[in-house]
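Structural features, examined
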Amino acid sequence: MNKSVIFGAATVACMSAVAATAGTVDDVKARGKLNCGVTTGLVGFAAPDANGNWDGFDVGVCRAVAAAVLGDASAVEFVPTTGKTRFTALASGEIDVLARNTTWTFSRDVDLKFTFVGVNYYDGQGFLVPKELGVSSAKELDGATVCIQTGTTTELNLADFFRINGISYEPVPIETNAEAQQQYLAGACDVYTTDASGLAATRAAFEDPTAHALLPEIISKEPLGPLVRHGDNEWGDIVRWTLNALITAEELGVTSANVAEMASGADNPEVSRLLGTEGNLGEQLGLSADWAKNAIMAGGNYGELFEKNIGENTPIGLARGLNAQWTDGGLIYSPPFR
């Protein structure tokens, strides 16, 4: 088993190194389309509608990158990936960027040879249970059956939590959120565990969300964000600074509604640099001067994407919390545009 795991990691790392040599930004421009890896379906983050059109918080990041590079937010091919297939898809070059609920960890960064370009959602692992189960704490789950996605950090976190608390559980392996939802509602498992944001999104899709409770324990740190292959620094810079542009836009009050007006003249020099009316930041990235303006127009700044897709006024109902701007006591923070 250990040999298989080591071989698998080495294979992914080798594919990543080979794919990165091609120069992703050139490939995307020549193709005229961004290939973006997303989850197989998690409402609020990335999910197709009845007509196959993708929408969600992570989808917004993909569209912003496409708008920055190609000037067209719709020039995206969304590639659904599972916890098992996502890293192979990125390493092999099937996708240009992975923008799904993926945790930034040491081994994924160093051993698998990926580069996380930032964090777009600070999360932690939680537990979802039917209220009729009658438990109010994860420490009361001794002997429970637990639905858990394979190939994720949640497997190890779960094992650690139950070991530390001296309780046992029976895992029910699943590969996709849709499968987890089906198994959980069918009673195949007592508990579903994954990132708390994912649990909130899953519960919102239930016929009766009020019959299910999120337990108070958050048992891990799960910094989620987009990632690219190691060694493709030019492409990594583009994806990183597109995410930073959305974050900075919110901080500076630049929105999808006023970005065109502010691009025509702003008193704040950082706004002018961000929107390309001053300096040459776009040229340094190999993009047009209005790359960040295009990214913001694609779906709005960071706050707009959050509120539209997963915020408190949506069925998912997530508060900003740690994902508030640093100026509001949160962790969302971009380096300066200068």
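What comes next is a walk through the structure. (Residues numbered from 1 in each chain as written. Predicted model: local features only at pLDDT ≥ 70, side-chain atom pairs only at ≥ 80, totals over all residues. Heavy atoms only, no water.)

**A look at the side chain of D96**
Relative to the assigned elements, D96 resides in the loop between α4 (86–91) and β5 (97–98). Judged by relative accessible area, D96 falls into the buried class, the value being 2%. One polar contact links D96 to R31, side chain to side chain, over a distance of 2.8 Å. One polar contact links the side chain of D96 to the main-chain amide nitrogen of N35, over a distance of 2.7 Å. (Helix = DSSP H or I, 4+ residues; strand = E, 2+ residues; numbered from the N terminus. Buried < 20%, exposed > 50% of the residue type's maximum accessible area, 1.4 Å probe, protein only. Polar contact = N/O pair within 3.5 Å; in protein donor to acceptor, adjacent residues only side chain to side chain.)

**So, the nonpolar core**
Of all hydrophobic cores here, the largest spans 57 residues; its most connected members are L34, C36 and W235. For this core, the element with the most residues is helix α9 (residues 233–252), which contributes nine residues. Setting aside residues up to four positions removed in sequence, W235 forms contacts with T24, V25, V28, L34, V65, V69, D96, V97 and V228. Of all hydrophobic cores here, the second largest spans 14 residues; its members include F127, F162, I167 and L215. (Core = buried A, V, L, I, M, F, W, Y, C linked by side-chain atoms within 4.5 Å. Contact = heavy atoms within 4.5 Å.)

**So, the state of the cysteines**
Here, disulfide denotes a covalent bond that connects the sulfur atoms of two cysteines. Going through the model one piece at a time under the given rule, you end up with two disulfides. Shown here is the disulfide that connects C36 with C62, its sulfur atoms set 2.0 Å apart. Across the S-S bond linking C36 and C62, the dihedral sits near -50 degrees, which makes this disulfide left-handed. Within this pair, whereas C36 is found in strand β1 (residues 34–39), its partner C62 is found in helix α3 (residues 57–70), the two being separated by 26 residues in sequence. Accessibility expressed as a relative area gives 0% for C36, which makes it buried. Assessed through its relative accessible area of 1%, C62 is described here as buried. Each disulfide pairs two cysteine sulfurs, and for C147 the partner residue is C189, the sulfurs being separated by 2.1 Å. One disulfide, between C147 and C189, carries an S-S torsion of -100 degrees and so falls in the left-handed class. Here the residue C147 occupies a position in strand β9 (residues 144–149), and C189 occupies one in the loop between α7 (177–185) and β11 (191–195), the gap between them amounting to 42 residues. Take C147 and C189: they sit in the same class, and that class is buried. For the protein, the disulfide bridges join cysteines in the arrangement 1-2, 3-4, where the cysteines are counted in sequence order. (Disulfide = S-S within 2.5 Å.)

**So, empty space enclosed by the protein**
Inspection of the entire model under this criterion finds two cavities of 30 Å³ or more. Taken as a whole, the largest cavity holds about 120 Å³ of empty space. Taken together, the elements giving at least two residues each to the lining of the largest cavity come down to α6 (153–164), β11 and β13 (222–224). The residue makeup of the lining of the largest cavity, split by class, is one nonpolar, nine polar and five charged. One number sums up the size of the second largest cavity: a volume of about 90 Å³. Lining the second largest cavity are 16 residues, and of these T39, L42, N101, Q149 and N177 lie nearest its centre. Here the lining of the second largest cavity takes three residues from β11, the largest share from any one element. Counted by class, the lining of the second largest cavity contains two nonpolar, eleven polar and three charged residues. (1 Å grid on protein atoms, 1.4 Å probe; cavity = no way out; pocket = protein on both sides within 12 Å on 5 of 7 lines; lining within 4 Å. Points joined across faces, edges and corners; volume = space filled by probe spheres on them. Nonpolar A, V, L, I, M, F, W, Y, C, P; charged D, E, K, R; others polar.)

**With respect to the layout of surface pockets**
A volume near 270 Å³ is recorded for the second largest pocket. Elements with a minimum of two residues in the lining of the second largest pocket: β7 (121–123), α8 (196–204) and β13. Top element by residues in the lining of the second largest pocket is β7. It accounts for three residues. Of the residues that constitute the lining of the second largest pocket, the class distribution is nine nonpolar, five polar and four charged.

**Details of the environment of P209**
Following the sequence through the fold, P209 ends up in the loop between α8 and β12 (212–214). Residue classification places P209 among the partly exposed positions, given a relative accessible area of 29%. Taking the C-alpha atoms as reference points, P209 and P315, separated by 106 residues in sequence, lie 9.6 Å from one another. Other than its neighbours up to four places away in sequence, P209 contacts R203 and A204.

**Remarks on the packing of aromatic side chains**
For the structure on display, the rule yields 17 aromatic pairs. Arranged with centres 5.9 Å apart and planes meeting at 80 degrees, the rings of F57 and F306 form a pair that is edge-to-face. Taken together, the residues span a long stretch of sequence, with F57 in helix α3 and F306 in helix α14 (residues 302–309) at a distance of 249 residues. Judged by relative accessible area, which is 1%, F57 ranks as buried. Through successive ring pairs, a cluster of aromatic residues spans F45, F57, Y121, Y302 and F306. One residue, R320, lies across the ring of F306, its end atom 5.1 Å from the ring centre. (Phe/Tyr/Trp six-rings, centres within 6.5 Å; stacked < 30°, edge-to-face > 60°. Lys NZ or Arg CZ within 6 Å of the ring centre and 35° of its normal.)

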